[in-house]
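What follows is each chain in one-letter form.
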Amino acid sequence: MTPEISQRIQALAVSQTLAMSQRSSQLRSEGVDVINLSVGEPDFHTPDHIKLAAIKAVEDNYSFYSPVPGYMSLRKAVSEKLRKENGVDYAPEQIVVGNGAKQALCNVVLATVNPGDEVIIPTPAWVSYFEMVKLAEGKGVAVPAGIDNEFKITPAQLEEAITERTTLLMFCSPSNPTGSVYSREELQGLVDVLARYPRITVISDEIYEHINYTGGFTSMASFPEIADRVVLINGVSKAYAMTGWRIGYCAAPTVIAKAVSKLQGQYTSGASSIAQKAAEAAYTGPQDCVAQMREAFERRRDLVVRMAREIPGLKVNVPMGAFYLFPEVSAYIGKSYNGRRIESSADLAMYLLEEGHVATVDGGAFGAPGYIRLSYAAADNLLEEAMRRIAEALGKLS
Ligand code: PMP
Ligand code: GLU
């Protein structure tokens, strides 16, 4: 007899970012020359001084369980980083390190959401937000923003979505999947609304903080009106090219930090001891690697935007952060090639993979059908070739 899977897991969607990436690896193993612009991760290697810190940690026998919320030395380094770079005040005891920002986010959702609670999620939103809320048996409430508004929600939209069941706002700037960055003034507008609803906790996902071309970054936690209920999420995956090391954290009000630690203590224990020592080196070591990678991403952003704008039918804005382009593709819906009709942006992403050999992600996975997401965290020559292939494949549709 086939074992039965819980309704909780049956209800969960498969992560489309990871699924598209696996599909493209599979095609590649079959000999197809696919360019993978689906998964969002830096293509750079982890800087050498961070790798050396990990080697030293192995040699120094960091082989035992670490404290559940992480080594105090790392939590101190994070607390110091938040104070110096972001002007926000979280004591080391308020920081809980987990297996990537992904676990840090899910921990906080599980620690704060009761069944039936509403969680406001501006969309387009990263694939995992709604699913995490589902795991907690909460209700994700989408607040949509389109390309004409640079994918940013307004204070009025936020206020309209708030009900007496609202527990949480899950906010992300610079945004995955759109690359949009809210300015300080735009954030202030949202903060003014939140200040009127003291029972709403705010998750501010700042994982793309350093991949930001606006010249400055404002943390949601830096607004005194709401600072005592902002849970800041960050980690080393994107800023230090360390996606596989799996270190992220939440910086939270003490009660939430304690609850997250309790959850983690029963569920996963402390994150990898070696990776934590590497992350500590990332935060305390030289920071020029961060700026160098940002410069490379900005150059690639310019290249991809320029080439995408030359493709008739794609509607493109200029993303100011992260490493994603989120063009509107509805002009191609209803068109056909070789008897294959494109009914949706999901069909178009599949067509681009199979006909153009470029892996992207359907906007529908981010709650925004009619768009596709391209990650430009790839070498310049690959990006040029990918955009040429996309132009050619789209050009065949009529
Ligand atoms: N938040 C956002 C918006 C992301 O794009 C990602 C990367 N997938 C994460 C969180 C999770 O990052 P990590 O690799 O640290 O788990
Ligand atoms: N941030 C990446 C993405 O959105 C990583 C994959 C994932 O964890 O979703 O593609």
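Further up the page is the structure itself.
The structure presented is a predicted model; accordingly, all values stated were derived computationally and were not measured.

## Details of the overall build of the protein chain
Regarding its fold elements, the protein chain presents 13 helices and 14 strands. What you see for the protein chain is a C-alpha radius of gyration of 21 Å, in line with the 21 Å of a compact globule of 398 residues. Taking the principal axes of its C-alpha atoms as reference, the protein chain extends roughly 60 × 60 × 55 Å. Considering only intrachain contacts with a sequence separation of at least 6, the fraction spanning at least 24 residues in the protein chain is 74%. Element-wise, carbon and sulfur atoms account for 52% of the exposed surface of the protein chain, whose accessible area totals about 17,000 Å². A gap of 2 Å separates the mean positions of the 38 positive and 45 negative side-chain charges of the protein chain.

## What to know about the site of ligand 2
If you check the shell around ligand 2, you find Thr17, Leu18, Val39, Gly40, Lys102, Trp126, Asn176, Tyr208, Lys238, Tyr324 and Arg373 and nothing else. In the environment of ligand 2, an oxygen atom lies 2.9 Å from a nitrogen or oxygen atom belonging to the side chain of Lys102. Here Tyr208 contributes a side-chain N or O atom positioned 3.4 Å from a nitrogen atom of ligand 2. Contact with the protein chains covers 88% of the free accessible surface of ligand 2, which is 280 Å². Here the residues of the shell around ligand 2 sort into five nonpolar, three polar and three charged.

## Points about the sheet that holds strand β3 (residues 118–123)
A sheet is described by the order of its strands in space; here seven strands give the open sequence β2-β8-β7-β6-β5-β3-β4, paired in mixed fashion. What marks the edges here is a single partner per strand, and that holds for β2 (95–98) and β4 (139–144). Going across the sheet, the axis of each strand differs from the next one's by a mean of 20 degrees, ignoring polarity. Bridge count for strand β6 (residues 201–205) against strand β7 (residues 230–235) is four bridges, and the pairing is parallel. Paired with Ile203 across the bridge in β7 is Val231.

## Overview of the packing of helix α12 (residues 345–356) against helix α13 (residues 380–395)
The N-to-C vectors of α12 and α13 enclose an angle of 110 degrees; their axes lie 10 Å apart at closest approach. Relative to α13, the element α12 lies roughly perpendicular. Residues Leu348, Tyr351, Leu352 and Gly356 of α12 pack against Arg389, Ile390, Ala393 and Leu394 of α13. Of the residues that constitute the contact of α12 with α13, the class distribution is six nonpolar, one polar and one charged.

## Here we look at the nonpolar core
Of all hydrophobic cores here, the largest spans 131 residues; its most connected members are Met170 and Tyr240. Among the elements that line this core, the one with the most residues is helix α11 (residues 288–309), at nine residues. If near-sequence neighbours (up to four positions away) are discounted, Met170 is found in contact with Leu105, Val109, Val119, Ile120, Ile121, Pro122, Tyr129, Val133 and Ile203.

## Looking at unusual backbone geometry
Following Thr123, the chain continues into Pro124 via a peptide bond in cis, with omega recorded as 0 degrees. One can find Pro124 in the loop between β3 and α6 (128–135). Of note, the phi angle at His357 is positive, near 60 degrees, even though the residue is not glycine. With respect to the secondary-structure elements, His357 resides in the loop between α12 and β12 (358–359). Its relative accessible area of 28% is what places His357 among the partly exposed residues.

## Regarding the pairing of β3
In regular strands, side chains alternate between the two faces of the sheet. In terms of burial, β3 is largely enclosed, as six of its six residues are buried. Of the two faces of β3, both are covered, the one formed by Glu118, Ile120 and Pro122 as well as the one formed by Val119, Ile121 and Thr123. In the sheet, β3 pairs with β4 via six bridges, with the strands oriented parallel. From the neighbouring strand, Ile120 faces β4, where its bridge partner is Val141. Across three bridges, the pairing between β3 and strand β5 (residues 166–172) is parallel. Paired with Val119 across the two strands is Leu168, which belongs to β5.

## A short note on the pairing of strand β14 (residues 372–375)
Side-chain alternation along β14 places Ile372 and Leu374 on one buried face and Arg373 and Ser375 on a second face that is also buried. Bridging between strand β9 (residues 324–325) and β14 involves two bridges; their strand directions are antiparallel. In the strand pairing of β14, Tyr324 is matched with Ser375. Where strand β13 (residues 361–362) meets β14, two bridges bridge the pair, whose relative direction is antiparallel. In the strand pairing of β14, Val361 is matched with Arg373.

## Re the side chain of Ser79
Mapped onto the elements of the fold, Ser79 is located in helix α4 (residues 72–86). We classify Ser79 as buried; its relative accessible area is 13%. Excluding its chain neighbours within four sequence positions, the residues that come into contact with Ser79 are Tyr90, Ala91, Pro92 and Ile95.

## Description of the layout of surface pockets
Each pocket or cavity is described by its volume, and for the largest pocket that value is around 660 Å³. Surrounding the largest pocket, 25 residues form its lining, Leu12, Ala13, Ser128, Glu131 and Met132 being those nearest its centre. Taken together, the residues of the lining of the largest pocket break down into 14 nonpolar, eight polar and three charged. Here the second largest pocket defines a volume of roughly 430 Å³. Those elements that place two or more of their residues in the lining of the second largest pocket are α2 (16–29) and α5 (100–112). It is α5 that contributes the most residues to the lining of the second largest pocket, four residues altogether. The residue inventory of the lining of the second largest pocket, partitioned by class, reads 10 nonpolar, seven polar and six charged.

Cut-off values and rules
For every chain, the first residue of its written sequence is number 1, and the numbers climb from 1 along that sequence. Chain A is the first chain written and ligand 1 is the first ligand written, with later ones labelled in order. Per-residue local features of the predicted model are confined to residues with pLDDT of at least 70, and side-chain atom pairs are confined, for both listing and counting, to 80 or more; whole-chain, interface and lining totals are unaffected and use all residues. Side-chain metrics rest on all non-hydrogen atoms present in the structure, leaving aside hydrogens and water. Here a helix means four or more residues in a row that DSSP labels H or I, a strand means two or more in a row labelled E, and each is numbered from the N terminus. In this setup the radius of gyration rests on C-alpha atoms only. A globule is expected at 2.2 Å times the number of residues raised to 0.38. Only heavy atoms matter for contacts: two residues are in contact if any of them lie within 4.5 Å across the pair. The Shrake-Rupley method, run with a 1.4 Å probe, gives the accessible areas here. Residue values count only the displayed protein chains as cover. Residues counted as positive are Lys and Arg, residues counted as negative are Asp and Glu, and His and the chain ends are not counted. A charge is said to be at NZ when it belongs to Lys, at CZ for Arg, at CG for Asp and at CD for Glu. Residue proximity to a molecule or strand is established when one non-hydrogen atom of the residue lies within 4 Å of it. Each polar contact in these results corresponds to two N or O atoms within 3.5 Å; when the atoms are within protein, one needs to be able to donate a hydrogen and the other to accept it, and residues that are neighboring in sequence are counted only if both atoms are side-chain atoms. Asp, Glu, Lys and Arg are counted as charged, while Ala, Val, Leu, Ile, Met, Phe, Trp, Tyr, Cys and Pro are counted as nonpolar; the rest, among them Gly, fall into the polar class. Any two strands between which DSSP finds at least two bridges are classified as paired. Interaxial angles span 0 to 180 degrees and are taken between N-to-C directions of axes, which are lines fitted to C-alpha atoms, for helices over the stretch in contact. Here the word oblique covers every angle except those under 35 degrees (roughly parallel), over 145 (roughly antiparallel) and from 65 to 115 (roughly perpendicular). Take the buried Ala, Val, Leu, Ile, Met, Phe, Trp, Tyr and Cys residues and link them wherever side-chain atoms come within 4.5 Å; each set so joined is a nonpolar core. Accessible area is worked out with a 1.4 Å probe on protein chains only. A residue is then buried under 20% of its type maximum, exposed over 50%, and partly exposed in between. Both cavities and pockets are sets of points on a 1 Å grid over the protein atoms alone; in a cavity a 1.4 Å probe fits but cannot get out, in a pocket the set is open with protein on both sides within 12 Å along at least five of seven lines, and lining residues sit with an atom within 4 Å of a point. Grid points are joined across faces, edges and corners, and a volume is the space filled by probe spheres set on the points.

By themselves, these observations are geometric and do not establish any function.
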